Amino acid sequence: MYCVKCGKQTEGDETLCKDCKAAENATVAKSNEPIAQNAPNTKTNANMLCFGRALASAIMGFGVFIISNVLNSGGWRMLLISMIFMIIIDVAAIVMTIIFGSQAIRAYGTFKTDNTNKKPLPAFVLGIIGVILAGIATVMVLIFLMIQLPVAYA
């Protein structure tokens, strides 16, 4: 028979010659070695768990709070189409803020601590800030939709 990789003649009914078999065994042995040097630093990653989402939640929370204040302070003076556009953006941002903030709060509650890792407190605090601001913005949008808008366009 002949080697299926290089075409050399093999001994008996072997599918690989001695050289190709040795190269394949070396590749398999090398791929079974543990890769410890490329492992992520779990200390840093654990302390920063959900921090990006919590920060986004807090920033969007301030944004929706500002948009809601603009709507309540003079929204009835705007064109109807721009007012509808602002309300849609505000509601979408409120939903994303609540989702990101609640994920950060939930990650804090489910995080397992040991002697080297602490719970991700900054993510927890930012998540709470985002959810609170989104709640305030929701109330402000509802006030605008139920009280000010009907009075302004009546």
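Our structure's up above, just so we're on the same page.
Residues numbered from 1 in each chain as written. Predicted model: local features only at pLDDT ≥ 70, side-chain atom pairs only at ≥ 80, totals over all residues. Heavy atoms only, no water.

Engineer: What is the right way to look at the environment of Lys118 in this model?
Structural biologist: Here Lys118 is to be found in the loop between helix H4 (80-110) and helix H5 (121-152). Using a relative accessible area of 66% as the deciding quantity, one classes Lys118 as exposed. Sequence separation between Lys118 and Tyr108 is 10 residues, and the spatial gap between their C-alpha atoms is 9.9 Å. (Helix = DSSP H or I, 4+ residues; strand = E, 2+ residues; numbered from the N terminus. Buried < 20%, exposed > 50% of the residue type's maximum accessible area, 1.4 Å probe, protein only.)

Engineer: Looking at this structure, I do not really get the pattern of salt bridges. What am I missing?
Structural biologist: When their charged atoms lie close together, side chains carrying opposite charge are able to pair. Counted under the stated rule, the structure contains three salt bridges. We note a salt bridge from Asp19 to Lys8, for which the minimum N-O separation is 2.8 Å. Here the residue Asp19 occupies a position in helix H1 (residues 18-31), and Lys8 occupies one in the segment before H1, the gap between them amounting to 11 residues. A residue is classified by how much of its surface remains accessible, and Lys8, at 43% relative accessible area, is partly exposed. Between Lys18 and Glu11 there is a salt bridge; the shortest N-O distance is 3.0 Å. An identical accessibility class is assigned to Lys18 and Glu11; each is exposed. (Salt bridge = Lys/Arg side-chain N within 4 Å of Asp/Glu carboxyl O.)

Limitation: the analysis is restricted to geometry and does not speak to function.
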